[in-house]
Amino acid sequence: MSRDVNVAILGATGAVGKELLELLAERRFPLQELKLLASPRSAGSKIVFDGKEIIVEAVSDRSFEGVDIVLASAGGSTSKAWAKKAVAAGAVVIDNSSAFRLDDDVPLVVPEINPEAAATHQGIIANPNCTSILMGVAIYPLHQIQPIKRVVVSTYQSASGAGARAMEEAKTQAKDILDGKEPQAEILPYPIAFNLFPHNSPLNDQGYCEEEMKMVNETRKIFNAPELNVTATCVRVPILRAHSEAINLEFEQPFDVQQARELIETAPGVKLVEDWQSNYFPMPIDATGQDPVLVGRIRQDISHNCGLELWLCGDQIRKGAALNAIQIAELLLEKNLLTTSNSAVTDYSAVKKPSLL
Ligand code: A2P
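Residues numbered from 1 in each chain as written. Predicted model: local features only at pLDDT ≥ 70, side-chain atom pairs only at ≥ 80, totals over all residues. Heavy atoms only, no water.

Visitor: Before we go on, may I ask you to explain empty space enclosed by the protein in this structure?
Guide: For the structure shown, the criterion picks out one cavity of 30 Å³ or more. Considering only enclosed or pocket space, the largest cavity measures out at about 30 Å³ in volume. Lining the largest cavity, in full, are Val16, Leu20, Leu71, Ala72, Ser73, Ile94, Asn96, Ala322 and Ala325. Mapped by element, the contributors of at least two residues to the lining of the largest cavity are α1 (15–26), β6 (69–72) and α8 (318–334). Across the lining of the largest cavity, the residue classes tally to seven nonpolar, two polar and no charged. (1 Å grid on protein atoms, 1.4 Å probe; cavity = no way out; pocket = protein on both sides within 12 Å on 5 of 7 lines; lining within 4 Å. Points joined across faces, edges and corners; volume = space filled by probe spheres on them. Helix = DSSP H or I, 4+ residues; strand = E, 2+ residues; numbered from the N terminus. Nonpolar A, V, L, I, M, F, W, Y, C, P; charged D, E, K, R; others polar.)

Structure representation (C-alpha coordinates):
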(Lines give C-alpha, C1' and ligand atoms only; values in the text may rest on other atoms or scores of the structure.)
Protein backbone atom coordinates (compact mmCIF):
# COMPACT_ATOMS: atom_id res chain seq x y z
CA MET A 1 0.00 0.00 0.00
CA SER A 2 1.33 3.34 -1.03
CA ARG A 3 0.59 5.81 1.78
CA ASP A 4 -1.36 6.38 4.96
CA VAL A 5 -4.80 7.83 4.37
CA ASN A 6 -7.47 9.85 6.13
CA VAL A 7 -10.60 7.79 6.68
CA ALA A 8 -14.07 8.78 7.89
CA ILE A 9 -16.66 6.28 9.06
CA LEU A 10 -20.18 7.57 8.51
CA GLY A 11 -22.38 5.57 10.90
CA ALA A 12 -19.52 4.84 13.30
CA THR A 13 -21.85 4.09 16.22
CA GLY A 14 -23.84 1.42 14.38
CA ALA A 15 -23.32 -2.34 14.22
CA VAL A 16 -21.38 -2.19 10.96
CA GLY A 17 -19.55 0.99 12.04
CA LYS A 18 -18.21 -0.77 15.14
CA GLU A 19 -17.06 -3.71 13.05
CA LEU A 20 -15.35 -1.34 10.61
CA LEU A 21 -13.38 0.05 13.55
CA GLU A 22 -12.36 -3.42 14.68
CA LEU A 23 -11.28 -4.41 11.19
CA LEU A 24 -9.26 -1.23 10.61
CA ALA A 25 -7.30 -2.06 13.75
CA GLU A 26 -7.12 -5.83 13.15
CA ARG A 27 -5.92 -5.52 9.55
CA ARG A 28 -3.53 -2.63 10.38
CA PHE A 29 -5.12 -0.42 7.78
CA PRO A 30 -2.64 2.38 6.99
CA LEU A 31 -4.49 5.20 8.72
CA GLN A 32 -3.28 8.72 9.07
CA GLU A 33 -6.41 10.17 10.62
CA LEU A 34 -9.74 8.59 11.51
CA LYS A 35 -12.93 10.62 11.75
CA LEU A 36 -16.04 9.14 13.33
CA LEU A 37 -19.34 10.51 12.05
CA ALA A 38 -22.90 9.73 13.08
CA SER A 39 -26.19 11.53 13.66
CA PRO A 40 -26.49 14.51 16.02
CA ARG A 41 -27.79 11.99 18.61
CA SER A 42 -24.27 10.60 19.04
CA ALA A 43 -22.30 13.84 18.68
CA GLY A 44 -19.82 14.21 21.53
CA SER A 45 -19.80 10.56 22.50
CA LYS A 46 -16.39 8.92 22.63
CA ILE A 47 -15.09 5.74 21.03
CA VAL A 48 -11.70 4.25 21.87
CA PHE A 49 -9.68 3.29 18.81
CA ASP A 50 -6.11 2.05 18.99
CA GLY A 51 -5.83 3.22 22.61
CA LYS A 52 -7.03 6.74 21.82
CA GLU A 53 -10.40 8.32 22.43
CA ILE A 54 -12.04 9.75 19.33
CA ILE A 55 -15.01 12.08 19.69
CA VAL A 56 -17.95 11.23 17.44
CA GLU A 57 -19.07 14.16 15.31
CA ALA A 58 -22.45 14.86 13.77
CA VAL A 59 -21.98 14.66 10.01
CA SER A 60 -21.92 18.13 8.45
CA ASP A 61 -20.90 19.98 5.28
CA ARG A 62 -17.33 20.27 6.57
CA SER A 63 -16.94 16.65 7.68
CA PHE A 64 -15.21 15.46 4.51
CA GLU A 65 -12.49 18.08 4.11
CA GLY A 66 -9.15 16.29 3.78
CA VAL A 67 -10.77 12.84 3.90
CA ASP A 68 -9.49 10.27 1.37
CA ILE A 69 -11.95 7.42 2.01
CA VAL A 70 -15.44 7.50 3.51
CA LEU A 71 -16.77 4.18 4.75
CA ALA A 72 -20.51 4.86 4.84
CA SER A 73 -22.88 2.65 6.78
CA ALA A 74 -25.65 4.89 8.01
CA GLY A 75 -28.56 3.85 5.78
CA GLY A 76 -29.68 4.80 2.29
CA SER A 77 -31.12 8.23 3.01
CA THR A 78 -27.97 9.33 4.86
CA SER A 79 -25.80 8.10 1.98
CA LYS A 80 -28.01 9.92 -0.52
CA ALA A 81 -27.69 13.08 1.53
CA TRP A 82 -23.89 12.97 1.99
CA ALA A 83 -22.08 10.72 -0.49
CA LYS A 84 -21.93 13.19 -3.38
CA LYS A 85 -20.83 15.97 -1.03
CA ALA A 86 -18.01 13.73 0.18
CA VAL A 87 -16.99 13.01 -3.42
CA ALA A 88 -17.09 16.74 -4.22
CA ALA A 89 -14.74 17.27 -1.27
CA GLY A 90 -12.28 14.81 -2.85
CA ALA A 91 -13.06 11.57 -1.03
CA VAL A 92 -13.89 8.16 -2.44
CA VAL A 93 -17.02 6.79 -0.79
CA ILE A 94 -17.44 3.07 -0.15
CA ASP A 95 -21.13 2.88 0.51
CA ASN A 96 -22.74 0.05 2.38
CA SER A 97 -26.31 1.19 1.69
CA SER A 98 -28.50 0.28 -1.29
CA ALA A 99 -28.66 3.94 -2.43
CA PHE A 100 -26.35 3.65 -5.46
CA ARG A 101 -25.85 -0.10 -5.98
CA LEU A 102 -27.66 -0.35 -9.27
CA ASP A 103 -26.52 3.01 -10.70
CA ASP A 104 -24.69 2.47 -13.99
CA ASP A 105 -21.80 4.72 -12.98
CA VAL A 106 -21.30 3.06 -9.58
CA PRO A 107 -19.34 -0.20 -9.44
CA LEU A 108 -20.72 -2.87 -7.14
CA VAL A 109 -17.70 -4.74 -5.85
CA VAL A 110 -16.87 -8.00 -4.12
CA PRO A 111 -13.05 -8.15 -4.26
CA GLU A 112 -12.97 -11.94 -4.68
CA ILE A 113 -15.29 -11.67 -7.69
CA ASN A 114 -14.96 -8.42 -9.64
CA PRO A 115 -12.04 -6.35 -8.29
CA GLU A 116 -11.51 -4.90 -11.76
CA ALA A 117 -14.86 -3.07 -11.46
CA ALA A 118 -13.41 -0.88 -8.69
CA ALA A 119 -11.14 0.77 -11.24
CA THR A 120 -14.17 2.26 -13.01
CA HIS A 121 -15.37 4.24 -10.02
CA GLN A 122 -16.25 7.91 -10.26
CA GLY A 123 -16.09 8.60 -6.56
CA ILE A 124 -18.61 6.10 -5.20
CA ILE A 125 -18.17 2.33 -4.93
CA ALA A 126 -21.10 0.33 -3.62
CA ASN A 127 -20.81 -2.55 -1.20
CA PRO A 128 -23.45 -5.17 -2.11
CA ASN A 129 -26.21 -6.37 0.17
CA CYS A 130 -25.05 -8.91 2.74
CA THR A 131 -27.02 -11.80 1.23
CA SER A 132 -25.61 -11.09 -2.25
CA ILE A 133 -22.01 -10.95 -0.99
CA LEU A 134 -22.26 -14.19 0.96
CA MET A 135 -23.91 -16.06 -1.91
CA GLY A 136 -21.60 -14.48 -4.49
CA VAL A 137 -18.31 -15.58 -2.92
CA ALA A 138 -19.67 -19.11 -2.52
CA ILE A 139 -21.04 -19.69 -6.02
CA TYR A 140 -18.70 -17.58 -8.17
CA PRO A 141 -15.90 -20.21 -8.14
CA LEU A 142 -18.39 -22.67 -9.69
CA HIS A 143 -19.77 -20.07 -12.13
CA GLN A 144 -16.23 -19.47 -13.42
CA ILE A 145 -15.90 -23.14 -14.41
CA GLN A 146 -19.39 -23.51 -15.82
CA PRO A 147 -21.80 -20.58 -16.10
CA ILE A 148 -24.76 -20.93 -13.75
CA LYS A 149 -28.14 -20.92 -15.52
CA ARG A 150 -30.44 -20.49 -12.54
CA VAL A 151 -30.13 -19.88 -8.81
CA VAL A 152 -32.90 -20.68 -6.31
CA VAL A 153 -31.96 -19.36 -2.89
CA SER A 154 -33.67 -19.27 0.51
CA THR A 155 -32.13 -17.12 3.22
CA TYR A 156 -32.18 -17.34 7.00
CA GLN A 157 -31.22 -13.80 8.01
CA SER A 158 -30.10 -12.64 11.43
CA ALA A 159 -31.31 -9.60 13.35
CA SER A 160 -28.01 -7.77 12.71
CA GLY A 161 -29.18 -6.98 9.17
CA ALA A 162 -31.61 -4.50 10.71
CA GLY A 163 -28.87 -2.85 12.80
CA ALA A 164 -27.56 -2.76 16.34
CA ARG A 165 -30.91 -1.83 17.84
CA ALA A 166 -32.59 -4.86 16.22
CA MET A 167 -29.97 -7.11 17.82
CA GLU A 168 -30.69 -5.58 21.23
CA GLU A 169 -34.42 -5.95 20.60
CA ALA A 170 -33.97 -9.68 19.80
CA LYS A 171 -32.14 -10.20 23.10
CA THR A 172 -34.71 -8.26 25.12
CA GLN A 173 -37.57 -10.17 23.50
CA ALA A 174 -35.93 -13.52 24.28
CA LYS A 175 -35.47 -12.52 27.90
CA ASP A 176 -39.05 -11.20 28.14
CA ILE A 177 -40.51 -14.40 26.69
CA LEU A 178 -38.48 -16.55 29.10
CA ASP A 179 -39.71 -14.31 31.94
CA GLY A 180 -43.31 -14.89 30.82
CA LYS A 181 -43.76 -11.35 29.48
CA GLU A 182 -45.21 -10.22 26.15
CA PRO A 183 -42.32 -9.41 23.73
CA GLN A 184 -42.33 -5.84 22.35
CA ALA A 185 -41.39 -5.19 18.70
CA GLU A 186 -40.25 -1.70 17.75
CA ILE A 187 -37.34 -2.01 15.30
CA LEU A 188 -38.42 -5.18 13.50
CA PRO A 189 -42.13 -5.36 12.67
CA TYR A 190 -42.85 -8.54 14.65
CA PRO A 191 -41.23 -10.36 17.55
CA ILE A 192 -38.15 -12.17 16.23
CA ALA A 193 -37.26 -14.14 19.37
CA PHE A 194 -38.55 -17.73 19.07
CA ASN A 195 -40.12 -16.71 15.76
CA LEU A 196 -39.33 -16.03 12.12
CA PHE A 197 -41.02 -14.09 9.34
CA PRO A 198 -40.58 -13.36 5.62
CA HIS A 199 -38.29 -10.35 5.14
CA ASN A 200 -40.31 -7.22 5.78
CA SER A 201 -38.86 -4.97 3.04
CA PRO A 202 -41.43 -3.49 0.60
CA LEU A 203 -43.11 -5.90 -1.84
CA ASN A 204 -43.27 -5.42 -5.61
CA ASP A 205 -46.18 -6.24 -7.93
CA GLN A 206 -44.82 -9.75 -8.48
CA GLY A 207 -44.84 -10.48 -4.75
CA TYR A 208 -41.06 -10.28 -4.23
CA CYS A 209 -39.70 -8.12 -1.43
CA GLU A 210 -36.90 -5.60 -1.91
CA GLU A 211 -34.36 -7.84 -0.16
CA GLU A 212 -35.14 -10.67 -2.58
CA MET A 213 -34.81 -8.37 -5.60
CA LYS A 214 -31.44 -7.17 -4.27
CA MET A 215 -30.19 -10.76 -4.56
CA VAL A 216 -31.51 -10.97 -8.12
CA ASN A 217 -30.22 -7.65 -9.45
CA GLU A 218 -26.99 -7.36 -7.48
CA THR A 219 -25.82 -10.89 -8.32
CA ARG A 220 -26.37 -10.17 -12.01
CA LYS A 221 -24.39 -6.94 -11.75
CA ILE A 222 -21.49 -8.35 -9.69
CA PHE A 223 -21.17 -11.42 -11.95
CA ASN A 224 -21.63 -9.24 -15.05
CA ALA A 225 -24.28 -11.78 -16.05
CA PRO A 226 -27.45 -9.82 -16.93
CA GLU A 227 -29.24 -12.97 -18.12
CA LEU A 228 -28.61 -14.99 -14.93
CA ASN A 229 -31.90 -16.29 -13.52
CA VAL A 230 -32.14 -15.81 -9.76
CA THR A 231 -35.14 -16.31 -7.51
CA ALA A 232 -34.97 -15.76 -3.75
CA THR A 233 -37.06 -16.17 -0.62
CA CYS A 234 -35.66 -14.09 2.24
CA VAL A 235 -36.60 -14.85 5.83
CA ARG A 236 -35.63 -13.16 9.07
CA VAL A 237 -34.74 -15.70 11.78
CA PRO A 238 -33.96 -15.43 15.51
CA ILE A 239 -30.17 -15.36 15.11
CA LEU A 240 -28.04 -12.41 16.19
CA ARG A 241 -25.42 -11.85 13.49
CA ALA A 242 -24.73 -14.58 10.93
CA HIS A 243 -26.89 -15.28 7.90
CA SER A 244 -27.47 -18.71 6.36
CA GLU A 245 -28.54 -19.55 2.81
CA ALA A 246 -29.79 -22.73 1.12
CA ILE A 247 -28.82 -22.50 -2.54
CA ASN A 248 -29.86 -24.59 -5.53
CA LEU A 249 -27.84 -24.09 -8.71
CA GLU A 250 -28.71 -25.23 -12.22
CA PHE A 251 -26.05 -25.57 -14.91
CA GLU A 252 -26.16 -26.46 -18.62
CA GLN A 253 -24.24 -29.69 -17.94
CA PRO A 254 -23.95 -31.86 -14.83
CA PHE A 255 -21.46 -30.37 -12.34
CA ASP A 256 -19.18 -32.89 -10.63
CA VAL A 257 -19.75 -32.67 -6.88
CA GLN A 258 -16.16 -33.52 -6.03
CA GLN A 259 -14.92 -30.80 -8.37
CA ALA A 260 -17.33 -28.34 -6.72
CA ARG A 261 -15.88 -29.25 -3.31
CA GLU A 262 -12.33 -28.79 -4.54
CA LEU A 263 -13.20 -25.42 -6.03
CA ILE A 264 -14.75 -24.25 -2.75
CA GLU A 265 -11.71 -25.56 -0.85
CA THR A 266 -9.32 -23.40 -2.83
CA ALA A 267 -11.43 -20.30 -3.55
CA PRO A 268 -10.70 -17.04 -1.69
CA GLY A 269 -13.16 -15.90 0.98
CA VAL A 270 -14.82 -19.28 1.52
CA LYS A 271 -14.13 -22.29 3.70
CA LEU A 272 -15.44 -25.80 3.10
CA VAL A 273 -17.06 -27.12 6.28
CA GLU A 274 -18.36 -30.65 5.81
CA ASP A 275 -18.21 -33.67 8.04
CA TRP A 276 -20.64 -36.11 6.50
CA GLN A 277 -19.84 -38.81 9.09
CA SER A 278 -21.03 -36.74 12.00
CA ASN A 279 -23.57 -34.67 10.06
CA TYR A 280 -21.69 -31.45 10.86
CA PHE A 281 -22.08 -28.52 8.50
CA PRO A 282 -21.89 -24.71 8.70
CA MET A 283 -23.83 -23.11 11.54
CA PRO A 284 -24.35 -19.43 12.37
CA ILE A 285 -22.62 -19.83 15.74
CA ASP A 286 -19.49 -21.05 13.95
CA ALA A 287 -19.63 -18.34 11.28
CA THR A 288 -20.02 -15.51 13.82
CA GLY A 289 -16.85 -13.42 14.02
CA GLN A 290 -15.20 -15.30 11.14
CA ASP A 291 -14.04 -13.76 7.88
CA PRO A 292 -14.67 -16.64 5.45
CA VAL A 293 -18.10 -17.75 4.36
CA LEU A 294 -18.61 -21.32 5.54
CA VAL A 295 -19.93 -23.62 2.79
CA GLY A 296 -21.04 -27.23 3.03
CA ARG A 297 -23.62 -29.89 2.20
CA ILE A 298 -22.54 -29.70 -1.44
CA ARG A 299 -24.55 -32.39 -3.16
CA GLN A 300 -26.14 -33.41 -6.43
CA ASP A 301 -29.73 -32.19 -6.81
CA ILE A 302 -31.72 -35.45 -7.01
CA SER A 303 -34.50 -33.68 -8.93
CA HIS A 304 -32.26 -32.40 -11.74
CA ASN A 305 -29.13 -33.97 -13.22
CA CYS A 306 -27.60 -30.53 -13.90
CA GLY A 307 -28.35 -29.23 -10.40
CA LEU A 308 -26.23 -28.75 -7.28
CA GLU A 309 -27.33 -28.01 -3.74
CA LEU A 310 -25.26 -26.18 -1.13
CA TRP A 311 -25.60 -24.53 2.23
CA LEU A 312 -23.69 -21.57 3.65
CA CYS A 313 -23.35 -19.47 6.78
CA GLY A 314 -21.52 -16.14 6.84
CA ASP A 315 -21.04 -13.35 9.33
CA GLN A 316 -23.43 -10.69 8.09
CA ILE A 317 -21.56 -7.84 9.77
CA ARG A 318 -18.09 -9.03 8.67
CA LYS A 319 -17.98 -10.37 5.08
CA GLY A 320 -21.62 -9.35 4.58
CA ALA A 321 -20.77 -5.70 5.23
CA ALA A 322 -17.71 -4.29 7.04
CA LEU A 323 -15.03 -6.70 5.84
CA ASN A 324 -16.06 -6.39 2.20
CA ALA A 325 -15.94 -2.58 2.53
CA ILE A 326 -12.45 -2.68 4.08
CA GLN A 327 -11.25 -5.07 1.36
CA ILE A 328 -12.48 -2.56 -1.22
CA ALA A 329 -10.56 0.19 0.60
CA GLU A 330 -7.46 -2.01 0.60
CA LEU A 331 -7.91 -2.62 -3.11
CA LEU A 332 -8.10 1.14 -3.72
CA LEU A 333 -4.76 1.60 -1.99
CA GLU A 334 -3.12 -1.47 -3.45
CA LYS A 335 -4.05 -0.52 -7.02
CA ASN A 336 -3.66 3.23 -6.60
CA LEU A 337 -7.35 3.89 -7.25
CA LEU A 338 -7.82 6.78 -4.86
CA THR A 339 -8.60 9.03 -7.74
CA THR A 340 -11.71 9.37 -9.85
CA SER A 341 -9.64 9.08 -13.02
CA ASN A 342 -10.43 5.87 -14.90
CA SER A 343 -6.90 5.79 -16.24
CA ALA A 344 -5.43 5.08 -12.81
CA VAL A 345 -5.19 1.32 -13.41
CA THR A 346 -3.99 -0.33 -16.57
CA ASP A 347 -3.12 -3.83 -15.41
CA TYR A 348 -6.45 -5.56 -14.73
CA SER A 349 -4.90 -9.00 -14.68
CA ALA A 350 -2.90 -7.95 -11.65
CA VAL A 351 -6.10 -6.75 -9.98
CA LYS A 352 -8.07 -9.84 -10.88
CA LYS A 353 -6.40 -12.20 -8.43
CA PRO A 354 -6.32 -10.39 -5.12
CA SER A 355 -4.54 -11.86 -2.14
CA LEU A 356 -6.99 -10.23 0.17
CA LEU A 357 -7.92 -12.94 2.58
P1 A2P B 1 -26.61 7.25 15.61
O2 A2P B 1 -26.03 6.21 16.50
O3 A2P B 1 -26.18 8.63 15.99
O4 A2P B 1 -28.08 7.11 15.39
P5 A2P B 1 -27.36 0.61 12.78
O6 A2P B 1 -27.43 0.14 11.35
O7 A2P B 1 -26.64 -0.33 13.67
O8 A2P B 1 -28.73 0.95 13.28
O9 A2P B 1 -26.51 1.98 12.77
C10 A2P B 1 -26.85 3.10 11.99
C11 A2P B 1 -25.72 4.12 12.02
O12 A2P B 1 -26.08 5.20 11.15
C13 A2P B 1 -25.48 4.73 13.38
O14 A2P B 1 -24.12 5.05 13.52
C15 A2P B 1 -26.31 5.99 13.31
O16 A2P B 1 -25.89 7.02 14.17
C17 A2P B 1 -26.05 6.42 11.89
N18 A2P B 1 -27.10 7.32 11.40
C19 A2P B 1 -28.42 7.09 11.35
N20 A2P B 1 -29.06 8.18 10.86
C21 A2P B 1 -28.11 9.09 10.57
C22 A2P B 1 -28.11 10.42 10.04
N23 A2P B 1 -29.26 11.01 9.69
N24 A2P B 1 -26.94 11.07 9.90
C25 A2P B 1 -25.78 10.47 10.25
N26 A2P B 1 -25.70 9.23 10.77
C27 A2P B 1 -26.85 8.55 10.93
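Visitor: Please clarify how the packing of helix α3 (residues 130–145) against helix α5 (residues 210–223) should be interpreted in this entry.
Guide: Relative orientation and spacing of two packed helices are given, respectively, by the angle between their axes and the distance between those axes. Interaxial distance between α3 and α5 falls to 10 Å at its minimum, and their mutual angle equals 40 degrees. Put simply, α3 runs oblique to α5. Between α3 and α5 lies a crossing whose hand is right-handed. For the pair α3 and α5, the contacting residues are Cys130, Thr131, Ser132, Met135, Gly136, Ile139, Tyr140 and His143 in the first and Glu211, Lys214, Met215, Glu218, Thr219, Ile222 and Phe223 in the second. By residue class, the composition of the contact of α3 with α5 is seven nonpolar, five polar and three charged. (Axes fitted to C-alpha atoms, helices over the stretch in contact; angles between N-to-C directions. Parallel < 35°, antiparallel > 145°, perpendicular 65-115°, else oblique. Left-handed = near helix turned anticlockwise from the far one by under 90°. Contact = heavy atoms within 4.5 Å.)

Visitor: I tried to follow the nonpolar core on my own but got confused; where do I start?
Guide: Side chains of a nonpolar character, in soluble globular proteins, are inclined to be buried together. Counting 57 residues, the largest nonpolar core has Val70, Ile139, Leu142, Val151, Ile247, Leu249 and Val295 as the members making the most contacts within it. Top element by residues in this core is α3. It accounts for eight residues. If you count residues domain by domain, this core takes at least three from each of domain 1 (5–127 + 319–350) and domain 2 (131–317). Each residue touching Val70, except ones within four places of it in the same chain, is listed here: Ala8, Leu10, Phe64, Ala86, Ala91, Val92, Val93 and Ile94. Counting 47 residues, the second-largest nonpolar core is a separate cluster that includes Leu34, Leu71, Ala119 and Ala322. (Core = buried A, V, L, I, M, F, W, Y, C linked by side-chain atoms within 4.5 Å. Buried < 20%, exposed > 50% of the residue type's maximum accessible area, 1.4 Å probe, protein only. Domains from an automatic or database assignment.)

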